[in-house]
Amino acid sequence: MSGEDVLVCGTGITSFARTEASGRELAVQAVRAALQDAGLPWSRVQAAYGGSDAAGNADTLVAELGLTGVPFTNVRNGCATGASALVAAVHAIRSGAADTALAVGFDKHPRGAFAPRPADWGLDEAYGRDGLMVTTQFFAMKIQRYMHDHGISRRTLALVAEKAYANGALNPLAWRRKPLDADEILASGMVNDPLTRYMFCSPGQGAVALVLCSRAVASELGGTPVTLRAAVVRTRRFGSFEVFSPWAPPGTPASVSADAARHAFEEAGLGPGDIDVCQLQDTESGAEVMHLAECGFCAHGEQESLIPFGATGIGGSLPVNTDGGCIANGEPVGASGLRQVHEVVQQLRGRAGERQVPGDPAAGFTHVYGAPGVSACTVLTR
């Protein structure tokens, strides 16, 4: 997409551990931190976009941030809520409608599993009666087929989670900070075969805010802005195998993640081989395995010769989910996509602390996937 360059000039994030704070309170904390990082007052923001799944309307944050009259649009797009808010903010700057824009995502989910209702997704009640609204079943079915087709082992699934917990232990804002080894993860109790308890993320809480600006504004601010080369959202095509739509015609299923990644790389003028650090949706261990290939970072089945040998670790050839991903941070739906971008920005700035990727990374990629078949990807460079 042509138009004004867009830069991330400020980032703010809260802890993802359980606290007594409300989702809105977390969002206000994140926005104020992002504004401080950018060196801008709230009154300078010309457009804002944000949302949550379960913690209220983002536009009401102006009650605490300030009644400036800023156009503030609520966004709700499942797991792609934060990423969709980001895309909207990007469009505002590229179109010239604003030179400074905010994207914020936040959530605070109650304990326990998500409880989607078939009617809300345009589905017959039989989906609920037959257990097809249980997301753990869908993810298990999808990775079972993938393991059969491409020779992925159960131990590789456990190693993905082992890495997530190890990285989470290095992240002071992560929810789960206790390292677990692959044997503990495999023995943690089967949820839906082949996925065990510690291979899954859980609904959680947290907030992230990003301040975006034009290149002219960034040059006035100084600091260490990061260029947002691409930000795209795509929905499923016919023949894809998705959450709440667990069927597929004969042949290779379509992939909304592959579509979103391809468009992001085309928009950025880069390819998977140019990426130094990436964040991939890891609702559970199998998701990270599949998304590595769907986003173009390896061939299907090649994960089995990459993951067990540390290729996706912080010191590997392609570090993935350096902050612990959803497995260590939990899944506050509105915040997760922006958490991914926040982490890549910190890596490109060289500010990731103990989890900093060596070798001065210059390009990063993020990917989120959610029901009922939506994916968002970004490409960022120093």
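All figures in this text were calculated on a predicted structure; none of them were measured in a lab. (Residues numbered from 1 in each chain as written. Predicted model: local features only at pLDDT ≥ 70, side-chain atom pairs only at ≥ 80, totals over all residues. Heavy atoms only, no water.)

So, the environment of Lys163
Move 1: Tracing the backbone through its elements, the reader meets Lys163 in helix α6 (residues 154-169).
Move 2: Beyond its immediate stretch of four places on either side in the chain, Lys163 contacts Glu288, Thr312, Gly313, Val320 and Asn321.
Move 3: Separated by 3.1 Å, the side chains of Lys163 and Glu288 make a polar contact. (Helix = DSSP H or I, 4+ residues; strand = E, 2+ residues; numbered from the N terminus. Contact = heavy atoms within 4.5 Å. Polar contact = N/O pair within 3.5 Å; in protein donor to acceptor, adjacent residues only side chain to side chain.)

Some points on empty space enclosed by the protein
Move 1: Summed over the entire model, instances satisfying the criterion amount to two cavities of 30 Å³ or more.
Move 2: Approximately 40 Å³ is the volume attributed to the largest cavity.
Move 3: Lining the largest cavity are Phe138, Phe139, Lys142, Thr283, Glu284, Ala287, Met290, His291 and Tyr369.
Move 4: Listing elements by their share of the lining of the largest cavity, those giving two or more residues are α5 (135-150) and α10 (285-294).
Move 5: Per-class residue counts for the lining of the largest cavity are five nonpolar, two polar and two charged.
Move 6: As a volume, the second largest cavity reaches approximately 30 Å³.
Move 7: Lining the second largest cavity, in full, are Ala83, Gly337, Gln340, Val341, Thr366, Val368, Ala376, Cys377 and Thr378. (1 Å grid on protein atoms, 1.4 Å probe; cavity = no way out; pocket = protein on both sides within 12 Å on 5 of 7 lines; lining within 4 Å. Points joined across faces, edges and corners; volume = space filled by probe spheres on them. Nonpolar A, V, L, I, M, F, W, Y, C, P; charged D, E, K, R; others polar.)

Description of the packing of helix α3 (residues 81-94) against helix α12 (residues 333-349)
Move 1: It is at 5 Å that the axes of α3 and α12 come closest, and there the two elements cross at 60°. As the angle between them shows, α3 and α12 are arranged oblique. Judged by residue contacts, Thr81, Gly82, Ala83 and Leu86 of α3 engage Val333, Gly334, Leu338 and Val341 from α12.
Move 2: Its residues placed into classes, the contact of α3 with α12 shows five nonpolar, three polar and no charged. (Axes fitted to C-alpha atoms, helices over the stretch in contact; angles between N-to-C directions. Parallel < 35°, antiparallel > 145°, perpendicular 65-115°, else oblique.)

Remarks on the pattern of salt bridges
Move 1: For the structure on display, the rule yields 18 salt bridges.
Move 2: The partner of Asp37 in a salt bridge is Arg351, with the nearest N and O atoms 3.7 Å apart. You can see Asp37 sitting in helix α1 (residues 23-38) and its partner Arg351 sitting in the loop between α12 and β10 (363-370), a full 314 residues away along the chain.
Move 3: Assessed through its relative accessible area of 29%, Asp37 is described here as partly exposed.
Move 4: Of the charged contacts, one joins Lys142 and Glu294 as a salt bridge, the two residues approaching to 3.9 Å between their closest N and O atoms. Here Lys142 is found in helix α5, whereas its partner Glu294 is found in helix α10, with 152 residues between them in sequence.
Move 5: Overall, Lys142 belongs to the buried group, its relative accessible area being 15%. (Salt bridge = Lys/Arg side-chain N within 4 Å of Asp/Glu carboxyl O. Buried < 20%, exposed > 50% of the residue type's maximum accessible area, 1.4 Å probe, protein only.)

Some details on the packing of aromatic side chains
Move 1: Overall, the coordinates contain six aromatic pairs when judged by the stated rule.
Move 2: For the pair Phe138 and Phe139, a centre-to-centre distance of 5.1 Å together with 65° between the ring planes defines the contact as edge-to-face. Across the pair, exposure class does not vary: Phe138 and Phe139 are buried alike.
Move 3: Between Phe265 and Phe297 the ring centres are 6.1 Å apart and the planes differ by 75°, which places this aromatic pair in the edge-to-face class. In this pair, Phe265 sits in helix α9 (residues 256-268) while Phe297 sits in the loop between α10 and α11 (325-329), placing the two residues 32 residues apart along the sequence.
Move 4: Residue class for Phe265 comes out buried when judged on its relative accessible area of 6%. (Phe/Tyr/Trp six-rings, centres within 6.5 Å; stacked < 30°, edge-to-face > 60°.)

A closer look at the pairing of strand β2 (residues 47-51)
Move 1: For β2, a buried count of five out of five residues is recorded, marking the element as mostly surrounded by other parts of the structure.
Move 2: Here β2 shows a buried face lined by Ala47, Tyr49 and Gly51 and a second buried face lined by Ala48 and Gly50.
Move 3: Where β2 and strand β4 (residues 100-108) come together, five bridges link them in parallel fashion. The residue bridging Gly50 from the neighbouring strand is Val104, located in β4.
Move 4: In this sheet, strand β3 (residues 72-74) lies alongside β2 in parallel orientation, the contact comprising three bridges. Looking across to β3, one finds that Tyr49 is bridged to Thr73. (Pairing = 2+ DSSP bridges.)

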